Amino acid sequence: MPKRKDLNSILIIGSGPIVIGQACEFDYSGSQALRSLREDGIETILINSNPATIMTDPSMADHVYLKPLNTKSIIEVLKKHPNIDAVLPTMGGQTALNLCIEADEKGIWEDFNIKLIGVDIEAINITEDREKFRELMGQIGVGMAPQATATSFLKGKEIAQEFGFPLVIRASYTLGGAGASIVYDPADFDELLRRGLEASPIHEVMIDKAMMGWKEYELELLRDKNDNVVIICSIENMDPMGIHTGDSITVAPAMTLSDRTYQKMRDMAIKMMRSIGDFEGGCNVQFAVSPDEKEDIIAIEINPRVSRSSALASKATGYPIAKIAAKLAIGYSLDELDNQITKSTSALFEPTLDYVIVKIPRWNFDKFEGSDRELGLQMKAVGEVMGIGRSFQEALHKATQSLEIKRNGLGADGKGYTNYDTIISKLRHASWDRVFVIYDAIQMGIPLSRIHEITKIDMWFLRQYEELYQLEKEISSHNKVDSISKDLLLEAKQKGFADRQIAHMLGCWESEVYKKREELGIKRVYKLVDTCAAEFTAKTPYYYSTFEAEIETADGHRFVHNESIVTDKKKIVVLGSGPNRIGQGIEFDYCCVHGVLAAAECGYETIMINCNPETVSTDFDTADKLYFEPVFWEHIYDIIQHEKPEGVIVQLGGQTALKLAEKLDRHGIKIIGTTFQSLDLAEDRGSFSTLLKENNIPYPEFGVAENADEALALADELDFPILVRPSYVLGGQGMKIVINKQELEETVVDLLRKIPNNKLLLDHYLDGAIEAEADAICDGENVYIIGIMEHIEPCGIHSGDSNATLPPFNLGEFVMQQIKDHTKKIALALNTVGLINIQFAIKDDMVYIIEANPRASRTVPFIAKAYKEPYVNYATKVMLGEKKVTDFDFNPQLEGYAIKQPVFSFNKFPNVNKRLGPEMKSTGESILFIDSLKDDDFYNLYSRRKMYLSK
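Residues numbered from 1 in each chain as written. Predicted model: local features only at pLDDT ≥ 70, side-chain atom pairs only at ≥ 80, totals over all residues. Heavy atoms only, no water.

Participant: Tell me what's going on with the overall build of the protein chain, and back it up with residues and numbers.
Facilitator: Across its full length, the protein chain holds 31 helices and 35 strands. For the protein chain, the C-alpha radius of gyration of 28 Å lies close to 30 Å, the compact-globule estimate for 951 residues. In terms of overall dimensions, the protein chain has a C-alpha envelope of 80 × 75 × 60 Å along the principal axes. For the protein chain, buried positions account for 65% of its 951 residues. In the protein chain, 70% of the contacts between residues at least 6 apart in sequence involve partners at least 24 apart. For the protein chain, the computed accessible surface area is about 34500 Å², with 48% contributed by carbon and sulfur atoms. Each charge class in the protein chain was averaged separately, 104 positive and 141 negative side chains, and the resulting centres sit 1 Å apart. (Helix = DSSP H or I, 4+ residues; strand = E, 2+ residues; numbered from the N terminus. Rg over C-alpha atoms; globule rule 2.2 N^0.38 Å. Buried < 20%, exposed > 50% of the residue type's maximum accessible area, 1.4 Å probe, protein only. Contact = heavy atoms within 4.5 Å. Areas by Shrake-Rupley, 256 points an atom, 1.4 Å probe, with all protein chains shown as cover. Lys, Arg positive; Asp, Glu negative; His and termini not counted. Charge placed at Lys NZ, Arg CZ, Asp CG, Glu CD.)

Participant: Quick one: what's the story with the side chain of Ser905, residue by residue and with numbers?
Facilitator: Along the chain, Ser905 turns up in the loop between β34 (897–903) and β35 (924–930). At 3.0 Å, the side chain of Ser905 forms a polar contact with the backbone nitrogen of Ile20. Residue contacts for Ser905: discarding those within four places in its chain leaves Val19, Ile20 and Thr923. (Polar contact = N/O pair within 3.5 Å; in protein donor to acceptor, adjacent residues only side chain to side chain.)

Participant: So what's going on with the packing of helix α18 (residues 499–506) against helix α19 (residues 510–520)? Residues and values would help.
Facilitator: Interaxial distance between α18 and α19 falls to 8 Å at its minimum, and their mutual angle equals 110°. In terms of axis orientation, α18 runs roughly perpendicular to α19. Packed against α18, whose contacting residues are Asp499, Arg500, Ile502 and Ala503, the element α19 presents Glu510, Val513, Tyr514 and Arg517 at the interface. Here the contact of α18 with α19 is built from residues that sort into 4 nonpolar, no polar and 4 charged. (Axes fitted to C-alpha atoms, helices over the stretch in contact; angles between N-to-C directions. Parallel < 35°, antiparallel > 145°, perpendicular 65-115°, else oblique. Nonpolar A, V, L, I, M, F, W, Y, C, P; charged D, E, K, R; others polar.)

Participant: Explain the nonpolar core residue by residue, including any values.
Facilitator: The biggest cluster of nonpolar side chains holds 173 residues, and the ones touching the most others in it are Tyr319, Leu575 and Val650. With residues near it in sequence (within four places) discarded, Leu575 still touches Cys592, Met608, Ile609, Ile636, Val648, Ile649, Val650, Gly653, Ala657, Leu660 and Leu664. Counting residues in each nonpolar core, the second largest holds 53 residues, with Leu78, Met265, Ile270 and Cys283 among its members. (Core = buried A, V, L, I, M, F, W, Y, C linked by side-chain atoms within 4.5 Å.)

Participant: Break down the pairing of strand β21 (residues 571–575) for me, citing the residues and quoting the values.
Facilitator: Counting buried residues in β21 gives 5 out of 5 residues, a clear majority hidden from the surface. Alternating residues of β21 divide into Lys571, Val573 and Leu575 and Ile572 and Val574, and every residue in both groups is buried. Inspection of the sheet shows β21 paired to strand β22 (residues 605–610) by 5 bridges, in the parallel sense. The residue of β22 that forms the bridge with Ile572 is Thr606. In terms of handedness, the path from β21 via helix α20 (residues 586–601) over to β22 forms a crossover that is right-handed. Bridge count between β21 and strand β24 (residues 647–649): 3 bridges; the pairing is parallel. Looking at β24, one finds that Val574 is bridged to Ile649. (Pairing = 2+ DSSP bridges. Right-handed = clockwise from strand over helix to strand, strands pointing away.)

Participant: Could you give an account of the sheet that holds β22, naming the residues involved and the relevant values?
Facilitator: Think of a sheet as strands paired side by side through backbone hydrogen bonds, with each pair either parallel or antiparallel. With mixed pairing, 6 strands are arranged side by side in an open sheet as β17-β18-β23-β22-β21-β24. Only two strands of the sheet have a single neighbouring strand rather than two, namely β17 (525–528) and β24. Neighbouring strand axes in the sheet, compared pairwise and without regard to direction, differ in orientation by 30° on average. Two elements, strand β18 (residues 542–546) and strand β23 (residues 625–628), share 2 bridges in a ladder whose sense is parallel. Bridge pairing links Tyr543 to Tyr627 in β23. Where α20 meets the sheet, its contacts fall on β21 and β22, and the angle it forms with β22 comes to roughly 160°.

Participant: Talk me through the environment of Lys865; I want residue IDs and the actual numbers.
Facilitator: Tracing the chain through its elements places Lys865 in helix α29 (residues 860–867). Expressed as a C-alpha distance, the spacing of Lys865 and Pro58, which sit 807 residues apart in the sequence, is 7.8 Å. In this structure, Lys865 is in contact with Pro51, Ala52, Thr53, Thr56, Asp57, Pro58, Leu66 and Tyr590, ignoring residues within four places of it in sequence. Within the local environment of Lys865, its side chain forms a polar contact with the backbone oxygen of Pro51, the two atoms lying 2.8 Å apart.

Participant: How would you summarise helix α3 (residues 93–105) if you had to cite specific residues and measurements?
Facilitator: Its 13 residues place the ends of α3 19 Å apart at the C-alpha level, agreeing with the 18 Å of an ideal helix rising 1.5 Å per residue. If you check which residues of α3 are buried, you get Gly93, Gln94, Ala96, Leu97, Leu99, Cys100, Ile101 and Ala103. Those residues of α3 that are buried lie in contact with β1 (9–13), α1 (25–39), α2 (71–80), α4 (108–111), β5 (115–116) and α5 (121–128). Phi turns positive, to about 75°, at Gly107, one or two residues after α3. (Expected span 1.5 Å × (residues − 1).)

Participant: So what's going on with the sheet that holds strand β28 (residues 760–764)? Residues and values would help.
Facilitator: Sheet architecture is open: 4 strands sit in the order β25-β28-β26-β27, paired in antiparallel fashion. The outermost strands of the open sheet, each flanked by one partner alone, are β25 (702–705) and β27 (736–738). Direction aside, neighbouring strands of the sheet carry axes that sit 25° apart on average. Two elements, strand β26 (residues 722–726) and β27, share 3 bridges in a ladder whose sense is antiparallel. Paired with Val724 across the bridge in β27 is Lys736.

Participant: Give a description of a negative patch on the surface that names residues and reports values.
Facilitator: Taken together, the side chains of Glu706, Asp709, Glu710, Glu745 and Glu746 present a region of like negative charge at the surface. Elements that contribute at least two residues to the negative patch include exactly α26 (708–718) and α27 (741–754). Here Asp709 lies in helix α26. (Patch = residues over 30% accessible without salt bridge, like charges linked within 9 Å, V, L, I, M, F, W, Y side chains within 5 Å. Salt bridge = Lys/Arg side-chain N within 4 Å of Asp/Glu carboxyl O.)

Participant: Describe α29, and please don't skip the residues or the numbers.
Facilitator: Most of α29 is tucked away, with 8 of its 8 residues classed as buried. Taken together, the buried positions of α29 are occupied by Val860, Pro861, Phe862, Ile863, Ala864, Lys865, Ala866 and Tyr867. Backbone geometry just downstream of α29 places Lys868 in the positive-phi region, at approximately 60°.

Participant: Please give an account of the pattern of salt bridges that cites residues and values.
Facilitator: Under the definition given, this model contains 50 salt bridges. Put simply, Arg390 and Glu548 hold a salt bridge, and the shortest N to O gap is 3.7 Å. One end of the pair, Arg390, is in the loop between β16 (383–389) and α12 (392–402); the other, Glu548, is in the loop between β18 and β19 (551–552), with 158 residues separating them in the sequence. Overall, the relative accessible area of 35% leaves Arg390 in the partly exposed class. For Asp763, the salt bridge identified is with Arg725, shortest N-O distance 3.5 Å. In this pair, Asp763 is assigned in strand β28 and Arg725 in strand β26, connecting sequence segments 38 residues apart. Connected through shared salt-bridge partners, Lys493, Asp499, Arg517, Arg524, Glu634 and Asp638 make up one network.

Participant: Please set out the side chain of Asn408 residue by residue, giving values where relevant.
Facilitator: Looking at the secondary structure, you find Asn408 in the loop between α12 and α13 (420–428). Residue classification places Asn408 among the buried residues on the basis of a relative accessible area of 16%. Apart from the residues within four sequence positions on either side, Asn408 is in contact with Gln401, Asp413, Ala498, Arg500, Gln501 and Phe632.

Participant: For the environment of Lys515, give the residues involved together with the corresponding values.
Facilitator: Looking at the element boundaries, Lys515 is found in helix α19. Considered as a pair, Lys515 and Leu116 are 399 residues apart in the sequence and their alpha carbons are 60 Å apart.

Participant: Requested: an account of the packing of aromatic side chains, with residues and values cited.
Facilitator: As enumerated under the stated definition, the model contains 26 aromatic pairs in all. Ring geometry for Tyr439 against Tyr469: centres 6.1 Å apart, planes inclined by 90°, an arrangement best described as edge-to-face. Placement of Tyr439 in helix α14 (residues 434–444) and of Tyr469 in helix α16 (residues 459–476) is noted, with a sequence separation of 30 residues between them. Residue class for Tyr439 comes out buried when judged on its relative accessible area of 0%. (Phe/Tyr/Trp six-rings, centres within 6.5 Å; stacked < 30°, edge-to-face > 60°.)

Participant: Could you give an account of the environment of Ser9, naming the residues involved and the relevant values?
Facilitator: Along the polypeptide, Ser9 turns up in strand β1. In this structure the C-alpha to C-alpha distance between Ser9 and Ile235, which are 226 residues apart in sequence, comes to 35 Å. Those residues within four positions of Ser9 in sequence are excluded, and the remaining contacts are Ile42, Glu43, Ile45, Asn83, Ile84, Asp85 and Ala86.

Participant: Report on the pairing of strand β9 (residues 205–209), specifying residues and quantitative values.
Facilitator: Summarising burial for β9: 4 of the 5 residues are buried, a large majority. With 5 bridges joining them, strand β7 (residues 167–171) and β9 adopt antiparallel strand pairing. Note on β9: the bridge partner recorded for Ile169 is Ile207.

Participant: Could you give me a rundown of the packing of helix α6 (residues 130–140) against helix α9 (residues 259–275), with the residues and numbers involved?
Facilitator: At a minimum axis separation of 11 Å, α6 and α9 run at an interaxial angle of 120°. Classed by the angle they form, the pair α6 and α9 counts as oblique. In the packing of α6 onto α9, the handedness of the crossing is right-handed. From α6, Phe133, Leu136, Met137 and Ile140 reach across to α9, where they touch Lys271, Met272 and Ser275. (Left-handed = near helix turned anticlockwise from the far one by under 90°.)

In structure tokens:
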């Protein structure tokens, strides 16, 4: 039966600002769901407060409400749209589910006669209320760890006494493991129990007997109204129980599960899904399996919504879970829908993978000084990467190369640990870099049995690591690149070693390894992610790279099979922004997606390169061709050699893409828009200041130092306070304000230890100055300022952590004119073609330049949403030379003010210094619209600014 006739207008609840535990995977699923519903002619109304996402783009829904996610906003929207028939709450993570329950409890859905689709309240309540869930599992014969519910401190103490330690405490109705902990020592129990009870909105915790060392698995399922269920993907956590799945390295398909146990797990998952209520859509089920021959299975939890893992499973299989889940919610059944990949078979099928994917989380502990870096039940990662390969080893290498933490893969880069005690400690206390430390341990000669005993990581994974190390040893025994055989070099490439790593092993240059590969004909080939192991013809242009041995035909013809067919159309490559992190978040993915769409409008074939499984840019139908590959030089260069594009857009993918501009330029690859020379000039403080001086534009006095002595000598000229920062960083990494020579020396020594060979910039800090910033589009001749924002916090708080107000609320005409003049002069002097962001400090009515970035900035999506204008689309057309700035009819619309409000995830790090400064700490943002400066919210924000003013 096709879609329901009673559904013509649907409200979708988004997930709000990005926080640790709920990132841009819901932007991806929400965007896909909106498109899916609109295909069926359904009117879509979206409520979400996050301005940085594609989901809140005006083109995504018929009506977009950028409002706080609370019941007051829901009522406002429902009153404005009395024709809304239903609400779909399963696309906005835990935030949307919790809001849906709150609205239900307040009788809002009933008052407005709104149906719930995709899930029912009973299903949410059963899965969130751990006591009810436990009872239900008992009824259907699914085993669970011994556990009990505590709604008071005293009850919790009684349960602990009964079960004994170690114990797991999990808070009900929370996200990303908030309030969860493992308790080994009875002395820690009281504090951790109190924390769990406080974290839960209903002050309830479930206390489990800890199943430490058991293996953890997840299954992603879809179910329709006819009770058809398909398992989309099995995911194995390389890390055993005890580490939150969002902080675990995960592998798909599951690698170490016997077929008998997998079939048993499937049956249990389907039984669980069918028992929790009447719902149609996506579902995630988590299990623990005993690490012995018996392979006992117990259920951990079930989430009746699309999740972080379903975004991963979608990208891993190419099966668009959120798109299909939205269709099921409006009444379709799986057998009525097309398989989106083959277009010739139905959606009622289970994907088969002939490749392996590895997901590795990305952390940002450097932003949380003093934080507990040990991984546990509370998620701490801010993003993730995914590698696709023909083997676990290749996928693991590609994922480690995607992380952007100055590593080239596993081992072979001279950056591993060599101290026995450090290695053992990092294995014992699960560290964020344990994926690398395992390799270091094997290299040191620590036996696999000992590594397994400490980490409880399955021996299969450890043997894979050992094989990689044996291969490194074999290659290192060759003293020069010419003596290495074709077979050995091909094996190294098939196992994912980068040219850079092989060069390290052989003591030669990366370019020599590349040249040797070319001579021997060892070239990357590209394979389709086709969901059906090539059983049916796939129509999706979604590729990963690998290396193959040559095939020889009967007539002696030798070749390798490349599935990526190059067309003769003119092409543009857009470099993505890699994993989410503090300082570079979803706003750059927004820019990349709009860049792709604009280039397509100009008649180009668009090619996207990115490795982030959570984002819209890596959706298989965003660009004409998607290469799910590390944004890492070797991979990018090979794709460019294969596709031969007109050029590459680097200014939309944040610092990730920008850092590759120099190499692209050196290899004669055209950079679309602002040239590398101009990008470099803006980063080089000396040259940039010369440019400012020539244009008569003021800037704070500064100097450049390469060591502590030079810094101390400079301090006498500059005067304290001094702002110290390394060059070529994003998100204010390593920035500090120092007030005396002792602080200066400590900071410089520490920075140069963390970022060796870096130049440090020392600026005289303009104490108490007002900070403002401007974004503009320039075509080399004309400049249009898309927005000027004034920060509520004073200069010295990173712009990403400041409340930015559009338009400014407190800058006189004289100051505004200086900002406009400086912006235009700098944009033209830098020969900007495309976007530019400039930051200013204003003191005594004088406007000083802090910095200029000729690229897309964090604030561009915010301005685009506030003014209802597609600025990235315009800027891309300018970069491509298709349009001049003067060709656009700019018409910004904003009544009152829009404020970009930072959102922090400090609750994940209870003992961390929460003070704000020049280094960015916020994980996301929301947008607040106010009619006037008399608004209470503005008054509260403005009154708090004085906290930051230092005298």
